[in-house]
Amino acid sequence: MIKKIFAVISALTMVSISASPLALAAEKEKDYSHLKGTEINVYNWGEYIADGSDGIMDVNKEFEKEYGIKINYTTFDSNENMYNKLKGGGANYDIVIPSDYMIERMIDEDMLVKLNFDNIPNYVNIMDKYKNLYFDPNNEYSVPYNVGMVGLVYNTKMVDEVPDSWSIMWDEKYAGQILMFNNPRDAFGLAQALLGIDFNTDDTEQWHKAYDKLKEQKKVVKSYVMDDVFIKMEGGDAAIAAYYAGDCLCMIENNPDLAFVYPKEGTNIFVDSVCIPKSCQNKEAAELYINFLLREDVALANAEFLYYATPNQAVLDNPEYSLRDEKVLYPDEEDMPKTQYFHNLPPETLALMTSLWDNLKIEGSKDTGMYIGLISFATVCTAYGVFHFIRKKKREKMYY
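Throughout, residues of each chain are indexed from 1 in the direction in which the sequence is written. A pLDDT threshold of at least 70 governs which residues receive local features in this predicted model, and a stricter bar of 80 or more applies before side-chain atom pairs are shown or counted, although totals over entire chains, interfaces and linings include all residues. As a rule here, side-chain values cover all heavy atoms of the structure and leave hydrogens and water aside.

A. Structural detail: the packing of aromatic side chains. Aromatic rings from Phe, Tyr and Trp, taking only the six-membered ring of Trp, are treated as a pair when their centres fall within 6.5 Å; an angle between ring planes under 30 degrees marks them as stacked, one over 60 as edge-to-face, and anything in between as tilted. Within this structure, the stated rule accounts for 24 aromatic pairs. Taken together, the aromatic side chains of Tyr43, Trp45, Tyr48, Phe76, Tyr93, Tyr145, Phe181, Phe230, Tyr243, Tyr244, Phe270 and Tyr308 make up a single cluster linked through ring pairs. Whether a charge lies above a ring is judged from NZ of Lys or CZ of Arg, which has to be within 6 Å of the ring centre and within 35 degrees of the ring normal. Over the ring of Tyr83 we find Arg105, and its NZ or CZ is 3.9 Å from the ring centre. Directly above the ring of Tyr101 sits Arg185, whose terminal nitrogen or CZ lies 5.0 Å from the centroid.

B. Inspection of the packing of helix α3 (residues 59–67) against helix α10 (residues 283–294) at higher detail. Inter-axis angles, ranging from 0 to 180 degrees, are taken between N-to-C directions of lines fitted to C-alpha atoms, where helices are fitted over the stretch in contact. Numbering of helices and strands starts at the N terminus; helices are DSSP runs of H or I of at least 4 residues and strands are runs of E of at least 2. Where α3 contacts α10, the two axes come as close as 11 Å, and the packing angle between them is 120 degrees. Between α3 and α10, the crossing angle belongs to the class labelled oblique. When you trace α3 past α10, the crossing you get is right-handed. Of the residues in α10, those touching α3 at Val59, Asn60, Glu62, Phe63, Glu66 and Tyr67 are Ala285, Leu288, Tyr289, Phe292 and Leu293. Among the residues making up the contact of α3 with α10, the classes are represented as 8 nonpolar, 1 polar and 2 charged. What sets the label is the angle itself: under 35 degrees gives roughly parallel, over 145 gives roughly antiparallel, 65 to 115 gives roughly perpendicular, and the rest give oblique. A clockwise turn of the near helix away from the far one marks a right-handed crossing, whereas an anticlockwise turn of less than a right angle marks a left-handed crossing. Contact definition: two residues touch when any of their heavy atoms are within 4.5 Å. Here the term charged refers only to Asp, Glu, Lys and Arg, the term nonpolar to Ala, Val, Leu, Ile, Met, Phe, Trp, Tyr, Cys and Pro, and the term polar to all other amino acids, Gly among them.

C. Up close: the side chain of Thr201. If you trace the backbone, Thr201 turns up in the loop between α6 (184–195) and α7 (204–218). Accessibility expressed as a relative area gives 14% for Thr201, which makes it buried. Here Asp203 takes part through its backbone nitrogen, which lies 3.0 Å from a polar atom of the side chain of Thr201. Think of it in three bands: with a 1.4 Å probe and only protein chains considered, a residue is buried below 20% of the maximum accessible area for its type, exposed above 50%, and partly exposed in between. For this analysis, a polar contact is any N or O atom pair within 3.5 Å, provided that within protein one partner can donate a hydrogen and the other can accept it, and provided that sequence-adjacent residues contribute only side-chain to side-chain pairs.

D. Representation of the nonpolar core within the structure. Of all hydrophobic cores here, the largest spans 130 residues; its most connected members are Met169 and Ile240. In this view, Ile240 contacts Leu152, Val153, Tyr154, Val159, Ile168, Met169, Tyr174, Gln177, Ile178, Leu179 and Met233; residues no more than four positions away in its chain are not counted. Joining through side-chain atoms within 4.5 Å is the link that ties buried Ala, Val, Leu, Ile, Met, Phe, Trp, Tyr and Cys residues into a set, and such a set is a nonpolar core.

Listed below in structure tokens is the structure:
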């Protein structure tokens, strides 16, 4: 309710406040009328843009209204799923919003195009500390969108203590009430943090140790989740989950029994950024969309709606930006947890992680029998097909 009240006030007063110096400096937009009637395909995380709820701007509809460019908007639930779809050539996208380590990988594999910053004057709003980051050191391929860290969200009515460690995700006392990430990088990151292992190690033995830890955890996990964590935690269907801080704050707003902490062992910090993939069909409109996302009023709407830390200085300077849990989103130095970025892993390490993750999801699963059955069925079908192919060839020799 508080969020709704502030959102309405913000919407009513936003048009009357004077623009910040940064926003004024960025007002150099050229004529884009020739793009009217075109369209762009945007691929973003689920629940990751202001959509008009709670009286806050519907970002995509506002863009369409202002420029007459249609947005075809679809979502993904993990960096890996997004990468696989682009790598497989299943669809053409003009905009994607991956996380740092995946951007590094996509640059290495020549999957992104360089941006023309002449078309993105609002880039002036991005704080210097979010430029020249390791995954795009020359600021050529990406523009920061949101900043976050991973933490624990828990139900205070179902959890006896205030947790301070990732170890609660392994606690048998909460067996069947724990939700775990359904993607390998985040899941291994939790085990690595608990074991004191570098997130980016290329040591095979260390990855196997993390794998063993995840195997140990499996018996207490209720389910492996991504976007469905919202429904399960807000509805009281689970007691504990690891997830992204901004999303956890949204869950807490919808269920005040929930609370959030950063575990003492440390966590992953990430910067999600807007990029243009090689499959882009409308680059000029895509760069216009990026510039639009960086505009003060649009970035403010996203910051208020998503509860992620913003890399946009104009938003931080805006007196209307009051909907933030500073201890979670912008912790002081003494409250800042130990953090590590994920980096792109060497190919052999990526292959190992993927293999271990696949083993984890199948081993001991209720669905193991189904997997074995499917493999057996496929084997039988293949053998049957080979047998009939040979018989057919024999017949062809007999009659011809």
